[in-house]
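# Coordinate analysis (summary)
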Amino acid sequence: MKALRLHAAHTLRLHEEPIPEPQAGEVLLRVTAVGICGSDIHWYEEGGIGDARLSHPLVLGHEFAAEIAEGPLRGTRVAVDPAISCGQCEWCQQGHPNLCPHTRFSGHGSQDGALREYMPWRTENLHAVPDTIDDISAAMLEPLGVAIHSVDLAHLRPGAHVGVIGCGPIGLLTLQVARLAGAVRLFATDCLPHRLEAAHALCAAEVHQADLEHREEARAILAATKGRGLDVVFECAGDQRAVDTAFDVVRIGGIVILCGVPSDDRTAFVASLARRKGLTIKLVRRMKHTYPRAIEMVSRRFVNVSDLVTHRFPLCEAERAFAVAQHREGIKAVVIP
Ligand SMILES: [Zn+2]
Ligand SMILES: [Zn+2]
């Protein structure tokens, strides 16, 4: 089979390899679609993410769909939860598998991911998808899960006014889930006009182009809310200016949810501003208990994931998918192994 490995920053190589053997509790999957994520771009550009570094030539890929390739369930189409938590530790036992420090995560650290034709994965992490969800949309259930978890953390109330700073795939999914959770007014910012167009088209968000120098968008949002600000703001850019905008536009007593992953592994905010507003600040660690909801949201057409997929490439052209994601062309690039 073919597998794409990251040898060093900017160095991807396609290899011919034997099909791996599943271990106990695992089943062999034939991978059908893999989304390229901002975190994959951190690996690709920096040879790591946060404090994790390349330990061997790594197969990236954690947003994926597959078909079971062996055994009694052969042919079943599945969405795949990329995080295998230990199930034993205090955090797992208390219902927070996303916080498990022993997690094996697909395409991260020493765990090879999905940019290959076949891979074994734990059976418990597979979620059968109905025929109403195609393979590419099934791969989008992973980032949708992150958006659902972010909205869960916000405890959104019906009628809320919500901001999303950064309209990449996670931002665009968060907007849709926030609307589904009862937000009646959505504000969206991004540097890129095509992403703002998507935010407006997908959920009628009031869009403001991010002005990197003066952050005019923060003033514009405050003016649009008569100075009150927004109940909940999701920072989905992983950029310090986006964090600053989020803290500026959130209302007194509001909630800021930090979803983005900063390249320099630091997040800062103006302490006096945050204190004066009495803000609640939450950080998003992956997701938990989201797949059944994500599947229903997509199959019942409450959330549109397919319009986010703007580029498709075969595995032999996967490097082009990384280039598209790196340069923020379109919205989501997907590789079909
Ligand atoms: Zn991701
Ligand atoms: Zn655990």
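Computed from a prediction, not measured in an experiment: that's the story for all the values here.

So, how was this worked out
- Residues numbered from 1 in each chain as written.
- Chains lettered and ligands numbered in written order.
- Predicted model: local features only at pLDDT ≥ 70, side-chain atom pairs only at ≥ 80, totals over all residues.
- Helix = DSSP H or I, 4+ residues; strand = E, 2+ residues; numbered from the N terminus.
- Buried ≥ 20, exposed ≤ 12 C-beta atoms within 10 Å, placed from the backbone.
- Contact = placed C-beta atoms within 7 Å.
- Domains from an automatic or database assignment.
- Nonpolar A, V, L, I, M, F, W, Y, C, P; charged D, E, K, R; others polar.
- Core = buried A, V, L, I, M, F, W, Y, C linked by C-beta atoms within 7 Å.
- Pairing = 2+ DSSP bridges.
- Right-handed = clockwise from strand over helix to strand, strands pointing away.

A separate point is the overall build of the protein chain. The secondary structure content of the protein chain amounts to 11 helices and 19 strands. The proportion of buried residues among the 337 residues of the protein chain is 47%. Of the contacts made within the protein chain by residues no fewer than 6 positions apart, 69% connect residues no fewer than 24 positions apart.

So, about the domain arrangement of the protein chain. Under the domain assignment used here, the protein chain contains domain 1 (2-140 + 305-336) and domain 2 (145-283). Here the C-alpha centroids of domain 1 and domain 2 sit 27 Å apart. If one sorts the elements of the side of domain 1 that touches domain 2 by residue count, helix α1 (residues 38-46) sits on top with 4 residues. Of the residues in the side of domain 1 that touches domain 2, the class split is 3 nonpolar, 4 polar and 5 charged.

If you look at the biggest cluster of nonpolar residues, it comprises 104 residues, and the most contacted ones within it are L175, A199 and V232. Taken domain by domain, the makeup of this core includes at least three residues from each of domain 1 (2-140 + 305-336) and domain 2 (145-283). Excluding anything up to four places from it in sequence, L175 contacts V164, L186, A188, A199, L202, C203 and A205.

Glancing now at the environment of P130. On the secondary structure map, P130 appears in the loop between β11 (126-128) and α3 (135-139). Owing to 11 C-beta atoms within 10 Å, P130 belongs among the exposed residues under this scheme. Each C-alpha atom of the pair P130 and K282 lies 34 Å from the other, and the pair is 152 residues apart in sequence.

With that settled, consider α1. In an α-helix, one full turn covers 3.6 residues, which means residues spaced three or four apart are oriented alike. Taken as a whole, α1 has its buried residues at G38, D40, I41, W43 and Y44. In this fold, the buried residues of α1 make contact with β1 (2-8), β4 (48-49) and α11 (318-326). The positive-phi residue at the C-terminal boundary of α1 is G47, with phi of around 70°.

With that settled, consider the pairing of strand β12 (residues 161-165). With 5 of its 5 residues buried, β12 lies for the most part within the structure. A two-sided burial pattern is seen for β12, the buried positions comprising H161, G163 and I165 on one face and V162 and V164 on the other. Relative to strand β13 (residues 185-190), β12 runs parallel, the two being bridged by 5 bridges. Looking at β13, one finds that G163 is bridged to F187. Where the polypeptide runs from β12 across helix α5 (residues 169-180) and back to β13, its parallel neighbour, the crossover connection is right-handed. The sheet contact formed by β12 and strand β15 (residues 230-235) spans 4 bridges and is parallel. Along β15, the bridge assignment pairs V164 with F234.

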